[in-house]
Amino acid sequence: AITLEQQLVYASFFILFFGIPHGAIDHILFFKKKSMTQLKFYGLYLGLIVLFVLLWLKFPLISFLFFLILSAFHFGESQFVDAKLTLRNFNPLLFLFWGLSLLATLMYYNISELAAITAYFQDTKDFSVVYNEDLFFYFFSITNIITLVLLLYLFVKNQISIKRLSSELFLIALIHLTFFLFPFIIGFTLYFVVLHSIRVMNQEYLFFKSEDGSFGLVEFLKLLLPYSLLSIFFTSVLLALSHLGYLGISIPFLSIIIISVITLPHAIVMHIFYNK
């Protein structure tokens, strides 16, 4: 069996080198869609990060729940951005419940592992209240049922084809199987890297390609590189400081904070990008 330490090492590698780059051109995407001074943009972007860090340090449980809801909506929005849905008021509901069912499934199948990890570290013990298996079963069941109902509703309303419906149902079944078979960290990494980050980077690449037919993969990698390297460097430094005991924050807790504070401004930028 793969130890927890080995899982963290492998997962960190793939998340750093595939997960972080998918948000490395937020500034470019934002300025393609909206007008704002660079000073104001970076002030707001970094301000949100600082604000969320402070919220984590003061109210970790509330921050954790907010992060789950934010991630759920972001995952759902990126999943259906190409569907050209016209039921505008309906879309946020679909995005939220698709993402919530995804996270509920991941956590439900690995709830014993999550409870053990959070109980092991002093600064993650507050999260153990979330991992009540009986309550989580209802959360898992309700979110999955609502997601299926919403997808069927889209089909009935001619918002998606039978081919797209079948594709979504197959993906949901594949996600369930993956999360059931693999430990939490590996299951999350597989989804986050393969089905989310690479998908979003492909959307970004196609956007630049649509603006300039000569735009290629080398140009795209050049755009991703500067902020990817910067993010990887600072993340690595923070994790090393945690490992060496200088921060007083465990690596699992620090990892959640880093991912979440990057996700907040990224999700807002991508929402603007998808809707403009």
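Residues numbered from 1 in each chain as written. Predicted model: local features only at pLDDT ≥ 70, side-chain atom pairs only at ≥ 80, totals over all residues. Heavy atoms only, no water.

**Focus: empty space enclosed by the protein**
A water-sized probe, rolled over the atoms, reveals where empty space remains.
Step number 1: Taken as a whole and judged by the stated rule, the model has one cavity of 30 Å³ or more.
Step number 2: One number sums up the size of the largest cavity: a volume of about 70 Å³.
Step number 3: Taken together, W98, S101, L102, T105, N144, T147, I172, I175 and H176 make up the lining of the largest cavity.
Step number 4: Broken down by element, the lining of the largest cavity gets its largest block of residues, four residues, from helix α5 (residues 91-109).
Step number 5: Classifying every residue of the lining of the largest cavity gives four nonpolar, five polar and no charged. (1 Å grid on protein atoms, 1.4 Å probe; cavity = no way out; pocket = protein on both sides within 12 Å on 5 of 7 lines; lining within 4 Å. Points joined across faces, edges and corners; volume = space filled by probe spheres on them. Helix = DSSP H or I, 4+ residues; strand = E, 2+ residues; numbered from the N terminus. Nonpolar A, V, L, I, M, F, W, Y, C, P; charged D, E, K, R; others polar.)

**Concerning the side chain of S250**
Step number 1: By the secondary structure assignment, S250 is in the loop between α10 (217-243) and α11 (251-275).
Step number 2: The residues touching S250, leaving out its near neighbours within four places in the chain, are F121, D123, T124 and S242. (Contact = heavy atoms within 4.5 Å.)

**Re the pattern of salt bridges**
Step number 1: Summed over all chains, the structure comprises four salt bridges.
Step number 2: The partner of R199 in a salt bridge is D82, with the nearest N and O atoms 3.6 Å apart. Of this pair, R199 sits in helix α9 (residues 184-211) while D82 sits in the loop between α4 (60-80) and α5; the two residues are 117 residues apart in sequence, bridging distant segments of the chain.
Step number 3: Here the salt bridges share partners, and the residues they tie into one network are D82, R164, E168 and R199. (Salt bridge = Lys/Arg side-chain N within 4 Å of Asp/Glu carboxyl O.)

**Brief notes about the side chain of E77**
Step number 1: Checked against the element boundaries, E77 lands in helix α4.
Step number 2: Buried within the structure, E77 lacks any salt-bridge partner; its nearest side chain of opposite charge belongs to R88, at an N-O separation of 7.8 Å.
Step number 3: In this structure the side chain of E77 is engaged in a polar contact, spanning 2.7 Å, whose partner is the side chain of H271.
Step number 4: In this view, E77 contacts F95, H271, Y274 and N275; residues no more than four positions away in its chain are not counted. (Buried < 20%, exposed > 50% of the residue type's maximum accessible area, 1.4 Å probe, protein only. Lys, Arg positive; Asp, Glu negative; His and termini not counted. Polar contact = N/O pair within 3.5 Å; in protein donor to acceptor, adjacent residues only side chain to side chain.)

**Description of the layout of surface pockets**
Step number 1: Considering only enclosed or pocket space, the largest pocket measures out at about 1,300 Å³ in volume.
Step number 2: Lining the largest pocket are 49 residues, and of these L8, P252, S255, I256 and I259 sit closest to its centre.
Step number 3: Of all the elements in the fold, those that place two or more residues in the lining of the largest pocket are α1 (4-19), α4, α5, α6 (111-120), α9, α10 and α11.
Step number 4: Considered class by class, the residues forming the lining of the largest pocket number 32 nonpolar, 16 polar and one charged.
Step number 5: Taken as a whole, the second largest pocket holds about 690 Å³ of empty space.
Step number 6: Taken together, 26 residues form the lining of the second largest pocket, with Y45, L46, I49, S231 and I262 sitting closest to its centre.
Step number 7: Put simply, the parts of the chain that give the lining of the second largest pocket at least two residues each are α2 (26-33), α3 (38-58), α10 and α11.
Step number 8: At eight residues, the largest contribution of residues to the lining of the second largest pocket is made by α3.

**Quick look at the packing of aromatic side chains**
The way to describe two aromatic rings as a pair is by their centre distance and the angle between their planes.
Step number 1: Inspection of the entire model under this criterion finds 36 aromatic pairs.
Step number 2: Taking 4.6 Å as the distance between ring centres and 20° as the angle between the ring planes, the aromatic pair formed by F64 and F127 counts as stacked. One end of the pair, F64, is in helix α4; the other, F127, is in the loop between α6 and α7 (133-156), with 63 residues separating them in the sequence. Across the pair, F127 and F64 agree in class, each one buried.
Step number 3: Where Y108 meets Y109, the ring centres are 5.9 Å apart and the plane angle is 50°; that geometry is what we call tilted.
Step number 4: Joined through ring pairs, the aromatic side chains of Y205, F207, F208, F215, F220, F273 and Y274 make up one cluster. (Phe/Tyr/Trp six-rings, centres within 6.5 Å; stacked < 30°, edge-to-face > 60°.)

**Thoughts on α11**
Step number 1: In a regular helix each residue adds 1.5 Å, so 25 residues correspond to 36 Å; α11 covers 36 Å between its end C-alpha atoms and thus fits that length.
Step number 2: Along its length, α11 shows its largest kink, about 30°, at T263, and proline P265 lies within four residues downstream of that point. (Expected span 1.5 Å × (residues − 1). Bend = angle between axes of the 7 residues up to and from the residue.)

**Structural notes on the confidence of the model for the chain**
Detail in the predicted coordinates should be disregarded across regions flagged by low pLDDT.
Step number 1: Residue-level pLDDT values for the chain average 92, and 100% of them are 70 or greater.
Step number 2: In the model of the chain, α1 stands out as the element of lowest mean pLDDT, 82, in contrast to helix α8 (residues 162-181), which has the highest, 97. (pLDDT = per-residue confidence, 0-100.)

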